[in-house]
Protein chains: 2
Amino acid sequence: MTEPLFNRIAILGLGLIGSSIALAVRRGGLAETVVGYDKDAQVRAKAEELALADRVRKSAAAAVEGADLIVIAVPVRASADVAREISEHLKPGAVVTDVGSVKSSVICDVLPEIPDGVAFVPGHPIAGTEQSGPEAGFPELFEGRWCILTRCEKSTDRAMEQVTAFWRAMGADIDIMDPEHHDLVLAITSHVPHLIAYNIVGTAADLEKVTESEVVKFSASGFRDFTRIAASDPIMWRDIFLSNKGAVLEMLGRFSEDLAALQRAIRWEDGPALQELFTRTREIRREIIEAGQETAAPDFGRPHGSGDEAG
Amino acid sequence: MTEPLFNRIAILGLGLIGSSIALAVRRGGLAETVVGYDKDAQVRAKAEELALADRVRKSAAAAVEGADLIVIAVPVRASADVAREISEHLKPGAVVTDVGSVKSSVICDVLPEIPDGVAFVPGHPIAGTEQSGPEAGFPELFEGRWCILTRCEKSTDRAMEQVTAFWRAMGADIDIMDPEHHDLVLAITSHVPHLIAYNIVGTAADLEKVTESEVVKFSASGFRDFTRIAASDPIMWRDIFLSNKGAVLEMLGRFSEDLAALQRAIRWEDGPALQELFTRTREIRREIIEAGQETAAPDFGRPHGSGDEAG
């Protein structure tokens, strides 16, 4: 148990990220009191059953009363409503942060609702799994992962330090980035990868010549890897694409351009061009493993006997 | 130890698949003698060091002398040369099989080289990892995986039964398919997924506004999943795309068409269309897990604290 960083923390939204934060805060003794809120009554009931928080409230306004740190952990397009709802109930000197996967749009939506005397530090932990809901959370989720913080007009130095200490206490490393750059980096490292994973799974499901049961049966040849991120929360991801439209369309344009070139290399049987790309891409995985952002075990360490790449 | 299925098995090509077969054969006592061959002297030396076979030969012709079962486990475009090299050295009554990820082209290349009195059963185990070479093999690789067999003019009933028994003894289930359908099924379940994985990794590496070190650092947000299959053997994959051109271009056309529709949905902010697809794709992963072709553990069961989908 470390010395509590905050007297009271309010977590708004108790899905995978919110519930993992709640568990990490309680495990680390980072607050005297943890108050939770979710707009979904079933999620609130499950949160009480799992004892994710000391108290679970029916409204965001009630949940933030007297809180020193407020963590908004809802789908990005729901941030504006939550911010509006809590605006007049925030304690002077309180710090508001969020975990949204898009930062420019969240700042546009939330910043106007932050009253004077309250700080706002937009944040984004680069962590999660394909599962969602309060049962999916676990306190180790942020360990060894990066959390990106961005600055806005209401990001005081003191608040930046407090939010930094908060994430470090949960095992994350901190990186500071401006919102536009964050949105571009995430478009290529996360948003476009999710989009093409959702897309290939949709394409495979819609074929006539190959049945869905054949796709399922032979998925270990590569396809199944994509189904993991394509199983992520539909509302969260709908909101991300709508909120990071510009950066996603820019990166998607490059992806499609490169794919067209690859398609042409196949049509014209340009073996050397294919081999050159396939050799180059190997290196990047090696770097990711060396950076501690991926397991070195073959096949993600899946149980023996399961595997990929027979092709 | 089961009763040996064959007196002598020759394995031509000692990469991930060939070495895994050698280890599974020796572990299960499926042959009296295992003879190995690889055209690469370093691979042959490593195979001897790892005792993958009873004997490792310098030529495919020497390796097949007196063999009852010959397994061709080389990149698909190398099959023709290997078949030509062994053609006159095959024992009457011998059975030749292969593990190539494309079947129509392999049949075209290999069948003409199979002499009368020798059977040929084209095969394809749906198993592997992103790693390659003789050190990457392990005997459990085929357990619980499917192995697809196809029939050609030289596939006698007896040979089909022998090759079926061979794969079952290594823990695989057998499915029989015609070569053209196999190539179509694998194009969508394996070849196009690998192509788009290679492509997104290449796109990310070539950006100016986002550095490669940023891509590596924040890869846990989804990107790193794609780097696994994009780390697969470059020559093997070059050959697959060149040999299954027609089916790959057909499936790639559908993928690009669907992606364009998704891009348009983002541009026009059609939230319901995005949410509908993202909800549908979840179901397919559930089916793959139920079919025993994927682990139910979140994040592929990666070590705790590592994860994806913060978005």
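Per chain, residues are indexed from 1 in the order of the written sequence. Written order decides the labels, with chains lettered from A and ligands numbered from 1. Note on the predicted model: pLDDT of at least 70 is required for a residue's local features to be given, and 80 or more for side-chain atom pairs to be given and counted; whole-chain, interface and lining totals, by contrast, use all residues. Side-chain calculation: all heavy atoms of the structure are included, whereas hydrogens and water are not.

**Details of the overall build of chain A**
What counts, and what does not: Runs of H or I in DSSP of at least four residues are treated as helices and runs of E of at least two as strands, each being numbered from the N terminus. Throughout, radius of gyration means the C-alpha value; the globule benchmark is 2.2 Å times the number of residues raised to the power 0.38. Each residue is assigned to one of three classes by its accessible area relative to the maximum for its type, calculated with a 1.4 Å probe on protein chains only: buried under 20%, partly exposed between the two thresholds, exposed over 50%. Here a residue-residue contact requires only that any non-hydrogen atoms of the pair lie within 4.5 Å. Each accessible area is a Shrake-Rupley result for a 1.4 Å probe, and residues are judged covered by the shown protein chains and nothing else.
Each helix and strand in chain A was counted, giving 12 helices and 9 strands. By the compact-globule yardstick of 19 Å for 311 residues, chain A fits well, its C-alpha radius of gyration being 21 Å. Expressed along its principal axes, the backbone C-alpha trace of chain A runs to roughly 65 × 40 × 40 Å. Every one of the 311 residues in chain A was classed for burial, and the buried ones make up 63%. Counting contacts in chain A only where the partners sit at least 6 residues apart, residues at least 24 apart contribute 75% of the total. Working note: accessible area of chain A is about 10900 Å², and carbon and sulfur atoms make up 51% of it.

**Some thoughts on the pattern of salt bridges**
Rules: Any carboxyl oxygen of Asp or Glu that lies within 4 Å of a side-chain nitrogen of Lys or Arg is treated as forming a salt bridge with it.
All told, the structure shown has 56 salt bridges over all chains when counted by the stated rule. A salt bridge links Arg286(A) to Glu290(A); its shortest N-O distance comes to 2.3 Å. Of this pair, Arg286(A) and Glu290(A) both sit in helix 12 (residues 271–290), 4 residues apart, which is roughly one turn of the helix. Judged by its relative accessible area of 37%, Arg286(A) falls in the partly exposed class. For Glu290(A), a relative accessible area of 58% gives the class exposed. One salt bridge connects Arg302(A) with Asp299(A), and the closest N-O pair in it is separated by 2.6 Å. Across this residue pair, the class does not change: Arg302(A) and Asp299(A) are buried. A cluster of three or more residues bridged by salt bridges with shared partners is formed by Glu130(A), Arg228(A), Arg285(A), Glu294(A), Arg224(B), Asp225(B), Asp299(B) and Arg302(B).

**Regarding unusual backbone geometry**
Phi is positive for Glu269(A), which is not a glycine, with a value near 50 degrees. Owing to a relative accessible area of 39%, Glu269(A) belongs among the partly exposed residues under this scheme.

**Details of the domain arrangement of chain A**
Residues and elements named next belong to chain A. Selection criterion: As annotated, the domain borders come from an automatic or database domain assignment. Summed over both partners, the accessible area lost on bringing two parts together, with a 1.4 Å probe, is the buried area. Whenever two N or O atoms come within 3.5 Å, that pair is a polar contact, provided that in protein one can donate a hydrogen and the other can accept it, and provided that, for residues adjacent in sequence, both atoms are side-chain atoms. Gly is put with the polar residues, along with every residue not named as nonpolar or charged; the nonpolar set is Ala, Val, Leu, Ile, Met, Phe, Trp, Tyr, Cys and Pro, and the charged set is Asp, Glu, Lys and Arg.
According to the domain assignment, chain A consists of domain 1 (7–177) and domain 2 (181–269). Distance between the C-alpha centres of domain 1 and domain 2: 29 Å. The interface is formed by 17 residues belonging to domain 1 together with 17 residues belonging to domain 2. In total, domain 1 and domain 2 occlude about 1400 Å² of area from one another, counting both sides; carbon and sulfur atoms represent 64% of this. Close ionic contact of Glu130 with Arg228 constitutes a salt bridge, the shortest N to O distance being 2.7 Å. Viewed at the interface, domain 2 and domain 1 are joined by 8 residue pairs in polar contact (both at pLDDT 80 or more). Partitioned by chemical class, the residues of the side of domain 1 that touches domain 2 number 7 nonpolar, 7 polar and 3 charged.

**With respect to the relation of the copies chain B and chain A**
Cut-off, in case you're wondering: Copy-to-copy superposition: least squares on the C-alpha atoms, limited to residues that have pLDDT of at least 70 in both copies.
The transformation that overlays chain B on chain A combines an axial shift of 0.0 Å with a rotation of 180 degrees, and the residual RMSD is 0.0 Å. Seen this way, the second copy is the image of the first under a two-fold rotation axis. When you check the interface residues of chain B against chain A, 100% turn up at the interface there too, and the contact is symmetric in its surfaces.

**Structural notes on helix 11 (residues 245–267) of chain A**
We count it as follows: By definition here, a helix of n residues has an expected span of 1.5 Å times n minus one.
Taking 1.5 Å per residue as the helical rise, helix 11 of chain A with its 23 residues ought to reach 33 Å, and the 32 Å between its terminal C-alpha atoms agrees with that figure. Buried residues of helix 11 of chain A: Ala247(A), Val248(A), Leu249(A), Met251(A), Leu252(A), Phe255(A), Leu259(A), Leu262(A), Gln263(A), Ala265(A) and Ile266(A), and no others. On the buried face of helix 11 of chain A, the contacting elements are helix 7 (179–205), helix 10 (234–243) and helix 12 of chain A together with helix 7 (179–205), helix 10 (234–243) and helix 11 (245–267) of chain B. Within two residues after helix 11 of chain A, Glu269(A) carries a phi angle of roughly 50 degrees, on the positive side.

**A short note on empty space enclosed by the protein**
For clarity, the threshold we go by: Buriedness of a pocket was judged along seven lines, with at least five required to meet protein on both sides within 12 Å; pockets are open sets of points on a 1 Å grid over the protein atoms alone, cavities are sets where a 1.4 Å probe fits but cannot get out, and lining residues have an atom within 4 Å of a point. Grid points are joined across faces, edges and corners, and a volume is the space filled by probe spheres set on the points.
Under the defined criterion, the tally for this structure stands at 1 cavity of 30 Å³ or more. For the largest cavity, the calculated volume is near 40 Å³. Looking at the largest cavity, the residues that line it are Ala197(A), Asp225(A), Phe226(A), Ile229(A), Asp225(B), Phe226(B) and Ile229(B). At the level of elements, helix 9 (223–229) of chain A together with helix 9 (223–229) of chain B are the ones that each hand at least two residues to the lining of the largest cavity.

**Some remarks on the sheet that holds strand 8 (residues 146–149) of chain B**
Residues and elements named next belong to chain B. Basically, it comes down to this: The pairing criterion is simple: DSSP has to find at least two bridges between the two strands. Each axis is a line fitted through C-alpha atoms, and for a helix only the stretch in contact is used; angles between axes span 0 to 180 degrees, taken between their N-to-C directions.
What the 3 strands build is an open sheet, ordered 7-8-9; its pairing is mixed. At either margin of the open sheet sits one strand with a lone partner, and together these are strand 7 (123–125) and strand 9 (173–176). Averaged over neighbouring strand pairs, the angle between their axes works out to 20 degrees when direction is ignored. Packing against the sheet, helix 6 (residues 157–169) makes contact with strand 7, strand 8 and strand 9, and its axis sits at approximately 165 degrees to strand 8.

**Some points on the pairing of strand 1 (residues 6–12) of chain B**
Residues and elements named next belong to chain B. Basically, it comes down to this: Here is how to tell: hold the view so the strands point away, follow the path from the first strand over the helix to the second, and if it runs clockwise the crossover is right-handed.
Taking burial as the measure, the 7 residues of strand 1 include 6 buried ones, the bulk of the element. Where strand 1 lies against strand 2 (residues 31–37), 6 bridges are found, and the strand directions are parallel. Residue pairing in the sheet places Ile9 in a bridge with Val34 of strand 2. Where the polypeptide runs from strand 1 across helix 1 (residues 16–28) and back to strand 2, its parallel neighbour, the crossover connection is right-handed. As paired elements, strand 1 and strand 4 (residues 69–72) share 4 bridges and run parallel to each other.

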